[in-house]
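So you can see what is in the structure, the chains are spelled out below.
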Amino acid sequence: MPRLGHAVALIDPGPRAIRAVVVDFDGTICPHDVSEEILREFAPPEWWDIDLSFQRGEIGSRQCLIEQAALLTHGEDELLAFALTTYAIDPTFAPFARWTRGRDIELVVASDGLGFYIEPMLRRAGVEAVTVLTNDVALRLGDEPRFAFPNAHPACIGCGTCKMRIVLGCRERSGPVAFVGEGHTDRYGALYADLVFAKKHLVDICRADRVPFRPWETFDDVRSALESLEALPGPVAPDRCPGWFTPVGGAL
Ligand SMILES: [Mg+2]
């Protein structure tokens, strides 16, 4: 009899095959990149030059965030009010979060942006009890910004929030991981996930990295793909993350 149970699990993995979903926030849960929109509205135009340095690979996302946040002279309250009154999350995310909870699938929001607006925006949309892993950026009127990186890699200083580590942690705790994203920092999560949902920049990045991916537009697409899943591509998982950067020059 135990053999029968094993056989059923093999031929019918269904939505239970994925045990955790890691989701980017800016441009993914929220269709707009709220960090970029805050910079566009409140920072001088140099913020974009810094962003281009990051996109060209000259600086990591952590350095990019530190330099861009230093251009913001407004207090966090004003920036948060701007985010909450101007942008909303994708309406399909709240039902998706309930669906994952109903199936005991771990759901983690992983963001390498300014971060402070994520939980308030999720709360306002009725999304509760979702783990949010992001940078800790404190912006105070008339004061230097302060940073903490509680979700960084212990050795690498490339990213502020290490999406590779988040994906690997989810797999260790829960099992196979799906990653949902759209942008440059999502590359490092997508490379280590068992299944990738990509749109916008992440499509070209996955093609260049030979990461199999499924296109998506809304979280209804992600949900129906997970419900009809028959096989997992598995992670590409290079030995060294291409975003790897250490203060002594990059050796592991
Ligand atoms: Mg993004």
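1. What to know about the coordination of the magnesium ion
For the magnesium ion, the protein coordination sphere consists of Asp 24 (OD), Asp 26 (O) and Glu 182 (OE), at 2.0 to 2.2 Å. Linear spacing of the donor residues for the magnesium ion on their chain is D-x1-D-x155-E. Of this pair, Asp 24 sits in the loop between β1 (20-23) and α2 (34-42) while Glu 182 is found in the loop between β6 (177-181) and α9 (187-190), placing the two residues 158 residues apart along the sequence.

2. A closer look at the packing of aromatic side chains
Scanning all chains against the criterion turns up 11 aromatic pairs. Note on Phe 82 and Tyr 87: the rings are 5.9 Å apart at their centroids and 80° apart in plane angle, and the pair reads as edge-to-face. According to the relative accessible area criterion, Phe 82 is buried, its value standing at 15%. Summarising the aromatic geometry, the rings of Phe 116 and Tyr 117 are spaced 5.4 Å apart at their centres and angled 75° between planes, so their arrangement reads as edge-to-face.

3. Some words on the sheet that holds strand β7 (residues 195-198)
To summarise the sheet geometry, strands pair through backbone hydrogen bonds and adopt either a parallel or an antiparallel arrangement. Read across the open sheet, the six strands follow the order β3-β2-β1-β6-β7-β8; overall the sheet is parallel. Each of the sheet's edge strands pairs with one partner strand only, and the pair in question is β3 (131-133) and β8 (214-215). With two bridges connecting them, β7 and β8 associate as parallel partners. Its bridge partner lying in β8, Ala 198 is registered against Pro 215.

4. Quick notes on the pattern of salt bridges
Scanning the entire structure with this criterion turns up 12 salt bridges. Close ionic contact of Glu 36 with Arg 40 constitutes a salt bridge, the shortest N to O distance being 3.7 Å. Linking Glu 36 with Arg 40, this pair stays in helix α2, spanning four residues, or about one helical turn. For Glu 36, a relative accessible area of 22% corresponds to the partly exposed category.

5. Here we look at the environment of Pro 44
Tracing the backbone through its elements, the reader meets Pro 44 in the loop between α2 and α3 (46-55). Of the residues examined, Pro 44 reaches a relative accessible area of 30% and is grouped as partly exposed. With 37 residues separating them along the chain, Pro 44 and Ala 81 place their C-alpha atoms 20 Å apart.

6. What to know about α2
If you check which residues of α2 are buried, you get Val 34, Ser 35, Glu 37, Ile 38, Leu 39 and Phe 42. Close packing links the buried residues of α2 with α3, α4 (61-69), α5 (76-86) and α7 (118-124). Here α2 starts with a cap whose side-chain oxygen sits 3.3 Å from the backbone nitrogen of Ser 35, and that cap is Asp 33.

7. Some thoughts on the layout of surface pockets
Any space left empty among the atoms is revealed by the rolling of a water-sized probe across them. The calculated volume of the largest pocket comes to roughly 550 Å³. Forming the walls of the largest pocket are 26 residues, and the residues nearest its centre are Asp 33, Glu 36, Asp 51, Phe 54 and Thr 185. Residue assignment for the lining of the largest pocket shows that the elements contributing at least two residues are α2, α3 and α4. No other element matches α4, which puts four residues into the lining of the largest pocket. Of the residues assigned to the lining of the largest pocket, the class counts are five nonpolar, 11 polar and 10 charged. Taken as a whole, the second largest pocket holds about 460 Å³ of empty space. Along its surface, the second largest pocket is lined by 22 residues, and Phe 54, Gly 57, Ile 59, Gly 60 and Tyr 188 are the ones closest to its centre. Mapped onto the lining of the second largest pocket, the elements with two or more residues apiece are α3, α4, α9 and α10 (201-209). Tallied by class, residues from the lining of the second largest pocket come to nine nonpolar, eight polar and five charged.

8. Some remarks on the environment of Pro 238
Relative to the elements of secondary structure, Pro 238 occurs in the segment after α11 (219-227). It is 19 Å that separates the C-alpha atoms of Pro 238 and Gly 60, two residues lying 178 residues apart in sequence. Among residues more than four places away in sequence, those in contact with Pro 238 are Leu 191 and Tyr 192.

Rules used throughout
- Residues numbered from 1 in each chain as written.
- Predicted model: local features only at pLDDT ≥ 70, side-chain atom pairs only at ≥ 80, totals over all residues.
- Heavy atoms only, no water.
- Donors = N, O, S within 2.8 Å, 3.2 Å for Na, K, Ca; no water.
- Helix = DSSP H or I, 4+ residues; strand = E, 2+ residues; numbered from the N terminus.
- Phe/Tyr/Trp six-rings, centres within 6.5 Å; stacked < 30°, edge-to-face > 60°.
- Buried < 20%, exposed > 50% of the residue type's maximum accessible area, 1.4 Å probe, protein only.
- Pairing = 2+ DSSP bridges.
- Salt bridge = Lys/Arg side-chain N within 4 Å of Asp/Glu carboxyl O.
- Contact = heavy atoms within 4.5 Å.
- Polar contact = N/O pair within 3.5 Å; in protein donor to acceptor, adjacent residues only side chain to side chain.
- 1 Å grid on protein atoms, 1.4 Å probe; cavity = no way out; pocket = protein on both sides within 12 Å on 5 of 7 lines; lining within 4 Å.
- Points joined across faces, edges and corners; volume = space filled by probe spheres on them.
- Nonpolar A, V, L, I, M, F, W, Y, C, P; charged D, E, K, R; others polar.

Treat this as a map of the structure, not an account of what it does.
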